[in-house]
Amino acid sequence: MLKVGLTGGIGSGKSEVSRRLACRGAVVIDADKIAREVVEPGTPGLARVVGVFGTEILREDGSLNREKLGSIVFADSEKLASLNAVVHPLVGARVAELQDQAIPGSIVVYDVPLLAENRLAPMYEVVIVVDAADEVRVARLVELRGMSEQDARARLAAQATREERLEIADIVVPNEGTLEELEARMDGLWKDLTARAAA
């Protein structure tokens, strides 16, 4: 099994790379998706988050209001640390379960947004960083996700710098262009990973 860490700052296109690797046969374990699952209504995770932040972070239907929680934690590093202390262990346990289910010889890609921030690079045999300039990422967040520029910049500021991410990269996937340009890079990336897995 080849354990690959995939990361990239918000707006870099990491999810697009993740999706395209899955289409080529990678087993993708998406930390963000798991982070959402562990705080779904009725879970112990959601109960713990409410215990820390109060019921005002819930929607009327009892689900987590991610935007509200995001606006609280991204403006305050201590509150972000409190949230992470609840969510990260739950995510870790679920990731371990999924990893155990992968068949031998698989290329397992861990889609981990905060890989650099949490110093997780040593956990993987290969670290892929999807890279785009900060200005490109801000523009994408404003255009594609409807964020205000101020909000987008706050999200970038809450994450590792581009330099910190590139420092831990074994493979860099440049992604400032079109989806067609990204797709053109994917076959080479997959060939590289399958060669590493075979070795």
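Cut-off values and rules
Residues numbered from 1 in each chain as written. Predicted model: local features only at pLDDT ≥ 70, side-chain atom pairs only at ≥ 80, totals over all residues. Heavy atoms only, no water. Axes fitted to C-alpha atoms, helices over the stretch in contact; angles between N-to-C directions. Helix = DSSP H or I, 4+ residues; strand = E, 2+ residues; numbered from the N terminus. Parallel < 35°, antiparallel > 145°, perpendicular 65-115°, else oblique. Left-handed = near helix turned anticlockwise from the far one by under 90°. Contact = heavy atoms within 4.5 Å. Nonpolar A, V, L, I, M, F, W, Y, C, P; charged D, E, K, R; others polar. Pairing = 2+ DSSP bridges. Buried < 20%, exposed > 50% of the residue type's maximum accessible area, 1.4 Å probe, protein only.

### Focus on the packing of helix α3 (residues 44–53) against helix α5 (residues 77–101)
- Taken N-terminus to C-terminus, the directions of α3 and α5 make an angle of 165°; their axes are 10 Å apart at the nearest point. If you check the angle between α3 and α5, you find them roughly antiparallel. Regarding α3 and α5, the two cross each other, and that crossing is right-handed. Residue-level inspection shows Gly 45, Arg 48, Val 49, Val 52 and Phe 53 of α3 in contact with α5, the latter providing Lys 79, Ser 82, Leu 83, Val 86, Val 87 and Leu 90.
- Classifying every residue of the contact of α3 with α5 by side-chain character gives 7 nonpolar, 2 polar and 2 charged.

### Describing the sheet that holds strand β3 (residues 107–111)
- Pairing is parallel in the open sheet, where 5 strands are placed in the order β2-β3-β1-β4-β5. In this open sheet, the two edge strands, each paired with only one partner strand, are β2 (27–30) and β5 (171–174). Pairwise comparison of adjacent strand axes, ignoring direction, gives a mean angle of 20° for this sheet.
- Here strand β1 (residues 2–7) runs beside strand β4 (residues 126–131); their pairing, made up of 4 bridges, is parallel. The residue bridging Leu 6 from the neighbouring strand is Ile 128, located in β4.
- Strands β1, β3, β4 and β5 of the sheet are contacted by helix α9 (residues 179–198), whose axis makes an angle of about 165° with β5.

### Examining the pairing of β3
- Counting buried residues along β3, 5 of its 5 residues qualify, which places the element largely inside the surrounding structure.
- Side-chain alternation along β3 places Ile 107, Val 109 and Asp 111 on one buried face and Val 108 and Tyr 110 on a second face that is also buried.
- Alignment of β1 against β3, held across 5 bridges, turns out to be parallel. In the sheet register, Gly 5 faces β3, and the bridge partner there is Tyr 110.
- Bridge count between β2 and β3: 4 bridges; the pairing is parallel. Residue pairing for β3: Asp 30 is matched across the bridge by Asp 111.

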